[in-house]
Amino acid sequence: MTAIDRCEVTSLYIQGVVVGNAIFLTTNLNADHQIQVTGRGTNWLIGRSKQCAISIPHPEIAPFHTTVGYCPSRGFYLVDVGSHIGTWVNRRRLSHLQRRKLHNGDLLDLGKLRVEFFIDIFDQAVVPLADDTYC
C-alpha cells in the first residue's frame, strides 16, 4: 500500500521509511504533488527554501520551517526550527526547538498546510548509527 492510499484526512503526506540501515522520507509535498524521495540520512529539513530536503512552495511555510529526524532507538520525530506561523502534531503546537515523537498516522500542520505522517519499517534489524547517543 502506498502512502497516498493511506491518507484519511488530506492527500498530502510525509512517509518515514526504514529499510535496514537506509532511512529516508517520501512525500508529495512539491509543486506537482509527485512522489519525491529524499536522500538517505537521519535529519531532513523542511521549508520553502530550495536548500531543504523537502522544499514546499507554499507562502505560509518558512524558508526553514521544521525538521524530521530519526533515531534508531527512538524512531521518527519532528522539531520546529523557526516557523512564525507554527508547527503542530495532532493539533498540539510545538514550541521553538521542541522535539515531538512521531507515530504512524500522525496529523502534522505546518502553518495551515495539513499533512499526514506515515512510518514503514521493512527490516527491524537496524544497527544503531554512530551518533545514536545524540538522539
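Since this is a predicted model, take the numbers as computed values, not measurements. Going along each chain's sequence as written, the residues are numbered from 1 onward. For a predicted model such as this one, the threshold for reporting local features is a pLDDT of at least 70, and the threshold for listing and counting side-chain atom pairs is 80 or more; totals across whole chains, interfaces and linings nevertheless cover every residue. Working from all heavy atoms in the structure, the side-chain values ignore hydrogens and water.

Asks: Just to check I follow, could you spell out the overall build of the chain for this structure?
Replies: By definition, any uninterrupted DSSP run of H or I lasting at least four residues is a helix, any uninterrupted run of E lasting at least two residues is a strand, and each is numbered from the N terminus. Of the regular secondary structure elements, the chain holds one helix and 12 strands. Counted from the first residue to the last, the chain has its helices and strands arranged as α-β-β-β-β-β-β-β-β-β-β-β-β. By definition, residues are in contact when any of their heavy atoms lie within 4.5 Å. Across the chain, every contact between residues at least 6 apart in sequence was considered, and the portion connecting residues at least 24 apart equals 38%. With an accessible surface of roughly 7,200 Å², the chain has 52% of that area assigned to carbon and sulfur atoms. For every accessible area listed, the method is Shrake-Rupley and the probe measures 1.4 Å; residues are considered covered only by the protein chains on display.

Asks: What am I meant to see in the sheet that holds strand S8 (residues 87-89) here?
Replies: Strands belonging to one sheet form pairs held by backbone hydrogen bonds; the direction of such a pair is parallel or antiparallel. Two strands are said to pair when DSSP picks up at least two bridges between them. Read from one edge to the other, the open sheet built from seven strands follows the order S3-S2-S1-S12-S11-S8-S9, with strand pairing classed as mixed. The strands lining the two open edges of the sheet, one partner per strand, are strand S3 (36-37) and strand S9 (92-93). Here S8 runs beside strand S11 (residues 107-110); their pairing, made up of three bridges, is antiparallel. Bridge pairing in S11 links Val 89 to Leu 108.

Asks: Explanation requested: the packing of aromatic side chains in the structure shown.
Replies: Describing an aromatic ring pair means giving the distance of the ring centres and the angle of the ring planes. Under the pairing criterion, centres of Phe, Tyr and Trp rings, with the six-membered ring standing for Trp, must be within 6.5 Å; the plane angle then separates stacked pairs below 30 degrees from edge-to-face pairs above 60, leaving the rest tilted. Within the structure shown, the criterion is met by two aromatic pairs. A centroid spacing of 5.7 Å and a plane angle of 65° characterise the contact between Phe 76 and Phe 117, whose relative ring orientation is edge-to-face. Within this pair, whereas Phe 76 is found in strand S7 (residues 75-80), its partner Phe 117 is found in strand S12 (residues 113-121), the two being separated by 41 residues in sequence. Here Phe 76 matches Phe 117 in class, with each residue buried. Within the aromatic cluster, the residues linked to one another by ring pairs are Tyr 70, Phe 76 and Phe 117. Counting as a charge over the ring demands two things of the Lys NZ or Arg CZ atom: a distance within 6 Å of the ring centre and an angle within 35 degrees of the ring normal. Between the NZ or CZ atom of Arg 99 and the centre of the ring of Tyr 77, over which it lies, the distance is 4.0 Å. Note on classification: 1.4 Å probe, protein chains only; a residue is buried when its accessible area is under 20% of the maximum for its type, exposed when over 50%, partly exposed between these limits.

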